[in-house]
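Analysis of the macromolecular model
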Amino acid sequence: TIQRPPEVQESRLLLPIVAEEQPIMEAILLNPIVIVCGETGSGKTTQVPQFLYEAGFGTPGSDNPGMIGVTQPRRVAAMSMASRVAHELSLTSSKVSYQIRYDGTVSPDTSIKFMTDGVLLRELATDFLLTKYSVIIIDEAHERSINTDILIGVLSRVLKLREDMWRNGKDGPKPLRLIIMSATLRVSDFAENRALFPSPPPIINVAARQHPVTVHFSRRTSSDYVNEAIRKVGKIHTRLPPGGILVFLTGQNEINGVCRRLEEMFGKKAHSNRNLKVAVVPKKTPTDTISHIALEQADVEAEEIELGFDAPEEIPGDDDGGDEFDVDDLESDGDGDRALNEELGLNAAETESFMHIVPLYSLLPSDKQMKVFETPPPNSRLVVVSTNVAETSLTIPGIRYVVDCGRAKERRYDVSSGIQSFQVTWVSKASAAQRAGRAGRTGPGHCYRLYSSALFEHHFDKFTQPEILRTPIEGIVLQMKSMHIDVVANFPFPTSPDRDMLRKAEKLLMTLGALGSPTAGAVGGEITVLGKSMALFPLHPRFSRMLVSGQQHGSLPYVIAMVAALAVGDPFIHEEGLATDDDGDNSSSSPEAVRARRQAYFQTKATHSSLGNSMSDVFKVLSVVGAYEYAGGGHKFCADHFVRLKMMEEIHKLRSQISNIIEAGFLGTSALFTPQLPPPSDLQLKSLRQLLTGAFIDQVAVRKDLVDQNTESGIQYSMAKGIPYRAIGIDEDVFLHPSSVLAGASPPQYVIYTEVVRTSRAWLKGLTMINPS
Ligand code: ADP
Ligand code: MG
């Protein structure tokens, strides 16, 4: 029997989906596949797993003893939803568990398992029939993450196999059920795709008890949306009745900056210092540190199974890009205020409360992310400043006002050159609607869009493009081949990837030795023995290639550390990011302190750049990883060495995870993971460099004066800054990224790069010099 805490009992009954329990369960029991659509906050994620659990799913001895598996595109959601559902059912975290790439609470007792979509995809490689599960819920299908899309395609086949086996009377598990959940009604790519589901599955619509949300467009669209957002939040706070404010911005630095400024003006301290009732409205400041933060750690939300590298940073000196609608904002403060009030038909409220400001983005440590669910302190107004994590994944209680900048940071990928860019682009109309909807959960709400209605009508796409059309797919293709989907082009994709992209992916996999000679209808052939070993790792194939051939000279532990670092991404806070605290704390410092900090920064940079006189960004990270372990990790080390704690912790965990895979899998070695490694020997460094070169053999850049017949050769350069390079497959000059160890030295003839990112130029990042003399 189920024992729910009384307050849960009560709040559950208010969720629209609870009223639909019976029709939903009926549909699930009568159909192998069911699609459930319902507004964000209607209770899909927290309640549907409970319906199943109450109906006996996931309980040993019942008709459906296999686990209830629930996938999420984001780690944050997998973790927080598991803990919420455990709480609602009064069960332990080993019964209602989560599993993400680095971490998990899964046990033999687990009944409900929340995981990222990447985790389930990997499980399919070792247990294609998913025998441990009786039902799989694919959540947030509307987001069209690449892993979710592939999962739906693969599961359509798994379902059929499980059913055939069961009909043929073989021993083994009962048929598997699939539930696809979406926050929008746009499910035709799944529901009406005959290649995917020969007979269309039933769609259940949960009527949302959504309160009306009044949408207010700006009269004009200003490119300075950061300051606009601050002003709007200030006005709402000083003039409008109580209710939480949710602000949508694009990235971490932007969010931390806004939180800091709001804290200064409206935080608890500012509030107690101020004589009450002086309504302070922030002035529009000139272009300053916030409006054009040069360096932005892009937020990467999804499990990075297909990529192996994390989001690069933007380039210093570039603006935040993409805004062609840069119209001066002529609206005077006074007019704006009055307009705001008149629009709402409300009188200025007294500001006797202060703001309780909480940032939310995926790189924020998990305990800080969970703060959005805590009840704000008395006499305060909750202000959450978030990336689109809050768009559909997490429902934050008590939000009455939404401030939407209308933009999001998106990964773009150019198929022919492999150039990636992170651009701040307009969101889709569907996303904007989701964002607005967040204001109507508790009562009637208001959404302030920091862009004009004309812009919205004419320049916003209707829906967000599926991720599979704009991201590299080598990792996914290897996963699919390891599931013996040999002709990937024939796979029932909800949306098929670009043919060129597929061809390119198979070519790279052949280069890396993961695929054999071509089979009919495909570029690459079947998976090789090497490829199968590579597919064991939750990593980009380039990285797994290094692992499976990295055993020379006892270098494997170093290869593991290096690969873990490459996969997690560059943990260094670069020069331009010095002003911002990594963990979302708001602090300001004196000029002297800033100067001292800069000095310390250049010192550590030099220290870590010198490993084996390496001329390699990759070895620089390896160096800091080593030092971190010797120091015993921790916040202080990270502050002193200008690295991000969360990423260092992830590197540590990934090292351990990779070591476990190797031990359990093909190597048979044991006790591989020793966190503290002595510095690598010259011989070991040499073999690391060789492995890197082998894995990135198609990503070599040559200094342009060496290839260009028209240029005089023999030029002596003292600094690599501004020196053009040429790279295979890229029809333009490329440059060494200013944050690279190599950028400040004399330019090497050849480098390998791990990524190319475009802002104003095509920049090479993650550099290692080849063949240093
Ligand atoms: P959906 O998946 O349909 O968007 P959810 O099941 O995520 O809806 O959310 C249902 C309700 O549960 C929301 O009102 C949300 O605020 C609440 N909720 C979810 N997680 C938590 C949590 N960790 N703490 C408190 N309330 C939560
Ligand atoms: Mg949900």
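Quick caveat, the model's predicted, so the values are computed rather than measured. Residue numbers restart at each chain and count upward from 1, following the sequence in its written direction. Chain A is the first chain written and ligand 1 is the first ligand written, with later ones labelled in order. Selection of residues for local features in this predicted model requires a pLDDT of at least 70, selection of side-chain atom pairs for listing and counting requires 80 or more, and totals for whole chains, interfaces and linings are taken over all residues.

**Remarks on the sheet that holds strand β15 (residues 445–449)**
Just so we agree on the cut-off: Note on pairing: two strands pair once DSSP finds at least 2 bridges between them. Under the scheme used here, helices are H or I runs from DSSP no shorter than 4 residues and strands are E runs no shorter than 2 residues, and both carry numbers assigned from the N terminus. What counts as an axis is a line fitted to C-alpha atoms, over the stretch in contact for a helix, and the angles between N-to-C directions run from 0 to 180 degrees. Think of it this way: build a C-beta for each residue from its backbone, and any pair within 7 Å is a contact.
The strand order across the open sheet formed by six strands is β8-β15-β12-β9-β11-β10, and the pairing between neighbours is parallel. Lying at the two open borders of the sheet, with one neighbouring strand each, are β8 (213–217) and β10 (354–360). The average angle at which neighbouring strand axes cross in this sheet is 20 degrees, direction not considered. In the sheet, strand β12 (residues 399–404) pairs with β15 via four bridges, with the strands oriented parallel. Counted as the bridge partner of V402 is C447 from β15. Running over the sheet, helix α9 (residues 252–266) touches β10 and β11 (380–386) and is turned about 170 degrees from β10.

**What about the site of ligand 1?**
Rules: Near residues are defined by distance alone, with the backbone-placed C-beta atom required to lie within 6 Å of the molecule or strand. Gly counts as polar in this scheme, as do all residues outside two lists: the nonpolar Ala, Val, Leu, Ile, Met, Phe, Trp, Tyr, Cys and Pro, and the charged Asp, Glu, Lys and Arg.
K44, T45, T46, F373 and T395 are the nearest of the 15 residues found near ligand 1. If you list the elements that add at least two residues to the shell around ligand 1, you get α3 (44–54) and α4 (75–89). In terms of residue count, α3 provides more of the shell around ligand 1 than any other element does, four residues in total. Among the residues making up the shell around ligand 1, the classes are represented as three nonpolar, ten polar and two charged.

**So, the nonpolar core**
We apply this condition: Structurally, a nonpolar core is described as a collection of buried Ala, Val, Leu, Ile, Met, Phe, Trp, Tyr and Cys residues joined by way of C-beta atoms within 7 Å. Three exposure classes are used. Buried residues have 20 or more other C-beta atoms within 10 Å of their own C-beta, exposed residues have 12 or fewer, and partly exposed residues fall in between, all C-beta atoms being placed from the backbone.
Within the largest apolar cluster, 194 residues are counted, with the highest numbers of intra-cluster contacts made by A229, V247, V563 and L764. At twelve residues, helix α20 (residues 556–568) tops the list of elements feeding residues into this core. Non-local contacts of A229, meaning those with residues more than four positions away in its chain, are made with V247, L249, V258, V403, C405 and L450.

**Comments concerning helix α22 (residues 617–630)**
Formally: One fewer than the residue count of a helix, multiplied by 1.5 Å, yields its expected span.
The terminal C-alpha atoms of α22, which comprises 14 residues, lie 20 Å apart, in line with the 20 Å expected from a rise of 1.5 Å per residue. For α22, the buried fraction is high: eleven of the 14 residues fall into the buried class. Within α22, the full set of buried residues consists of D617, V618, F619, K620, V621, L622, S623, V624, V625, G626 and Y628. Check the buried side of α22 and you find it contacts α20, α21 (591–609), α23 (635–641), α24 (645–664), α25 (682–695) and β22 (768–769).

**What to know about the sheet that holds strand β5 (residues 133–138)**
Across a sheet, strands are paired by hydrogen bonds formed along the backbone, either parallel or antiparallel in direction. Overall, parallel pairing links the seven strands, which are arranged β3-β4-β2-β5-β6-β1-β7 in an open sheet. Of all the strands in the sheet, just β3 (96–99) and β7 (203–206) have a single pairing partner and so form its edges. Adjacent strand axes in the sheet meet at a mean angle of 20 degrees, parallel and antiparallel pairs treated alike. Here β5 runs beside strand β6 (residues 177–182); their pairing, made up of four bridges, is parallel. Its bridge partner being in β6, I138 is matched across the sheet by I180. Packed on one face of the sheet, helix α6 (residues 146–167) meets β1 (33–38), β2 (67–72), β5 and β6 and runs near 150 degrees to β5.

**Here's the deal with unusual backbone geometry**
One non-glycine residue, H484, lies in positive phi territory at about 60 degrees. Along the chain, H484 turns up in the loop between α16 (474–482) and α17 (499–511). Accessibility expressed as a C-beta count within 10 Å gives 9 for H484, which makes it exposed. With a phi angle near 60 degrees, F642 is a residue other than glycine that sits in the positive phi range.

Remember that the coordinates give geometry; whether it matters functionally is a separate question.
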